[in-house]
Amino acid sequence: MSDTNSTSDPLTVGMLGYRFMGKAHSNALSRLPMFFPDAPDVVRHTIVGRDEEALADAADRYGFEHTATDWRDVVDEVDVFYNLGPNHLHVEPSVAALEAGTNVLCEKPLAPTLDGAEEMRDAAAASDAVAGCAFNYRFVPAIRYARGLVDGGDLGEISHVRVRYLQDWLADPEAPWTWRMDEDIAGSGALGDIGAHSFDLAGFLVGEQVGDVERLSGHLRTFTEERPDPDSNEERPVTVDDAYSAQVDFESGAMGTFEGSRVANGHKNDHSIAVHGTEGSIRFSLERLNELEVKTGDARGYETVMVTDESDPYVEAWWPPGHVLGWEHTFVHENYEFLTAVRDGGEFSPSFEEAYEVQRLLDAVQRSDERGEWVDL
Ligand code: SOE
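Just so it is clear, the model here is predicted, and its values are computed rather than measured.

1. Topic: the overall build of the chain
When its secondary structure is counted, the chain shows nine helices and 17 strands. At 21 Å, the chain has a C-alpha radius of gyration in line with the 21 Å of a compact globule built from 377 residues. Looking at the chain as a whole, 55% of its 377 residues qualify as buried. Across the chain, contacts joining residues at least 24 apart in sequence account for 70% of those joining residues at least 6 apart. Surface summary for the chain: the accessible area is close to 16400 Å², and the carbon and sulfur share equals 45%. Of the side-chain charges in the chain, 29 are positive and 72 negative, and the distance between the mean point of each set is 6 Å.

2. A look at the pattern of salt bridges
In the structure shown here, the tally under the stated rule is 22 salt bridges. Of the charged contacts, one joins D57 and R61 as a salt bridge, the two residues approaching to 2.9 Å between their closest N and O atoms. Within this pair, D57 and its partner R61 are both found in helix α2 (residues 52-62), separated by four residues, close to a single helical turn. Here D57 falls in the partly exposed class, since its relative accessible area comes to 38%. K108 serves as the salt-bridge partner of D193, at 3.1 Å between the closest nitrogen and oxygen. Residue D193 is located in helix α7 (residues 190-210), and its partner K108 is located in the loop between β5 (103-106) and α4 (114-125); the two are separated by 85 residues in the primary sequence. Across the pair, K108 and D193 agree in class, each one buried. Through salt bridges that share partners, K108, R180, D193 and R262 make up one connected network.

3. Focus: the domain arrangement of the chain
What the domain assignment lists for the chain is domain 1 (11-136) and domain 2 (141-288 + 290-325 + 347-376). For domain 1 versus domain 2, the distance between C-alpha centres works out to 24 Å. With 29 residues of domain 1 in contact, the opposing surface of domain 2 contributes 26 residues. Taken together, both faces of the contact between domain 1 and domain 2 bury some 2400 Å²; the carbon and sulfur share is 72%. The largest per-residue losses of area from domain 1 upon contact with domain 2 belong to F35, L114 and F135, which jointly make up 29% of the total buried on that side.

4. Details of the UniProt feature "domain: GFO/IDH/MocA-like oxidoreductase" (unreviewed entry) in the chain
UniProt annotation of "domain: GFO/IDH/MocA-like oxidoreductase" (unreviewed entry) refers to residues 143-283 when read in the numbering used here. Segment residues 143-283 splits into 24% helix and 36% strand. End C-alpha atoms: 10 Å apart.

5. Notes on the packing of aromatic side chains
According to the stated counting rule, one finds 12 aromatic pairs in the structure shown. For the ring pair F20 and W327, a centre distance of 5.4 Å and an interplane angle of 25 degrees mean the geometry is stacked. You can see F20 sitting in helix α1 (residues 20-35) and its partner W327 sitting in helix α8 (residues 327-344), a full 307 residues away along the chain. Looking at W327, the relative accessible area reads 25%, which means it is partly exposed. Relative to F348, the ring of F338 has its centre 5.2 Å away and its plane inclined at 90 degrees; by these criteria the two rings are edge-to-face.

6. Digging into the sheet that holds strand β11 (residues 243-250)
Spatially, nine strands are ordered β16-β15-β14-β13-β7-β12-β11-β8-β17 in an open sheet, and the strand pairing comes out mixed. A single partner strand is all that each edge strand has here, and the edge strands are β16 (303-306) and β17 (375-376). In this sheet, strand β12 (residues 255-261) lies alongside β11 in antiparallel orientation, the contact comprising seven bridges. For D249, the partnering residue across the bridge sits in β12 and is M255. Those strands touched by helix α9 (residues 352-371) are β8 (213-221), β11 and β17, and its axis lies near 60 degrees from that of β8.

7. Concerning the nonpolar core
Ranked by internal contacts, the top residues of the largest apolar core, which has 76 residues, are F199, F258, I273, I282, F284, L292 and F352. At 11 residues, the largest contribution of residues to this core is made by α7. Looking at which domains feed residues into this core, each of domain 1 (11-136) and domain 2 (141-288 + 290-325 + 347-376) supplies at least three. When near neighbours in sequence (up to four residues on either side) are disregarded, F199 contacts L191, Y244, A246, V248, F258, V358, L361, L362 and V365. The next biggest cluster of nonpolar side chains, apart from the first, holds 37 residues, and it includes A39, L84, A317 and L325.

8. Structural notes on the environment of E157
Following the sequence through the fold, E157 ends up in the loop between α5 (141-151) and β7 (158-166). A residue is classified by how much of its surface remains accessible, and E157, at 58% relative accessible area, is exposed. With 167 residues separating them along the chain, E157 and V324 place their C-alpha atoms 31 Å apart.

Definitions and cut-offs
Residues numbered from 1 in each chain as written. Predicted model: local features only at pLDDT ≥ 70, side-chain atom pairs only at ≥ 80, totals over all residues. Heavy atoms only, no water. Helix = DSSP H or I, 4+ residues; strand = E, 2+ residues; numbered from the N terminus. Rg over C-alpha atoms; globule rule 2.2 N^0.38 Å. Buried < 20%, exposed > 50% of the residue type's maximum accessible area, 1.4 Å probe, protein only. Contact = heavy atoms within 4.5 Å. Areas by Shrake-Rupley, 256 points an atom, 1.4 Å probe, with all protein chains shown as cover. Lys, Arg positive; Asp, Glu negative; His and termini not counted. Charge placed at Lys NZ, Arg CZ, Asp CG, Glu CD. Salt bridge = Lys/Arg side-chain N within 4 Å of Asp/Glu carboxyl O. Domains from an automatic or database assignment. Buried area = accessible area lost by both parts, 1.4 Å probe. UniProt positions renumbered as here; feature names shortened; annotations may be inferred. Phe/Tyr/Trp six-rings, centres within 6.5 Å; stacked < 30°, edge-to-face > 60°. Pairing = 2+ DSSP bridges. Axes fitted to C-alpha atoms, helices over the stretch in contact; angles between N-to-C directions. Core = buried A, V, L, I, M, F, W, Y, C linked by side-chain atoms within 4.5 Å.

Shown next as structure tokens:
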């Protein structure tokens, strides 16, 4: 970590990765001064990648002062290291940064394997730096409102948690091969890519009420066994799942039903969660992220609440109630909370410890699928 990490100096940021997540987090950093004036000042110091031409373009567009092709040259030179690389690059750079006392925000899933996640969890525990995992859907105002209803007892005792994350960017068998198809790089397919979000979101929403997962039965499916590699024009094997499903028993006795697919034709980024209890229910869909369906008290059915009002913890930062937010705002909220924790020496959630617990569930689904039986956690 550089020696400028006092509360008055700007936080210097190094970022590994400049494609999709690099753009999402860089956009968030650029929004903070205008919409969250009490956020820490940030210097976008160095962006890291392999393709020097694409990297120079990204540095220019995202506002980074320097570029580097080796993360080893960056992790101990900045205050904050964003690890947005492919999953197989999550462990080593994050551990090296934490060992250097550099704060780390790492994209999900924490690692391709449980062993890698354990190494990252332990490095964070041994460091004074802040280590967070970028489960951005926790930062949707409607999810925060839903959490308030659950914790406030408005739903009563929880019986069901049902989470579904459906996409269709791989529905076409000719959709190109990417690193996300390779188990050695990604660790898993839909399970770790989008299932990780679902397990984290369920834990965030009802974990206090239903307790830990006691056991689960998981299933993985690969529908397309090989895909065209755009670089070589050859067919490459797909060694991860296109879809997963899991039945979950929680400590409280509540039932969990989880499903994720990247071949669900007609669904783009359809992450939805429903919670049913003795007093009421909630339903949320990311494709309508400003709304929460609520059924509580004597209501005969669900009411659709537009959560861009005083219940929204970030409404003061943006626009008047009813002026809707989008997917990218969740990254702004997440970065605001993370960088504030870094500046003020606070805690950030989700931590590497929490992300490790998600990785335990991913690993359990894989073991259950291999054995064809329920797995105890
Ligand atoms: C691809 O499935 C993906 O980009 C995920 O990797 C992200 O985490 C999710 O937010 C959107 O879909």
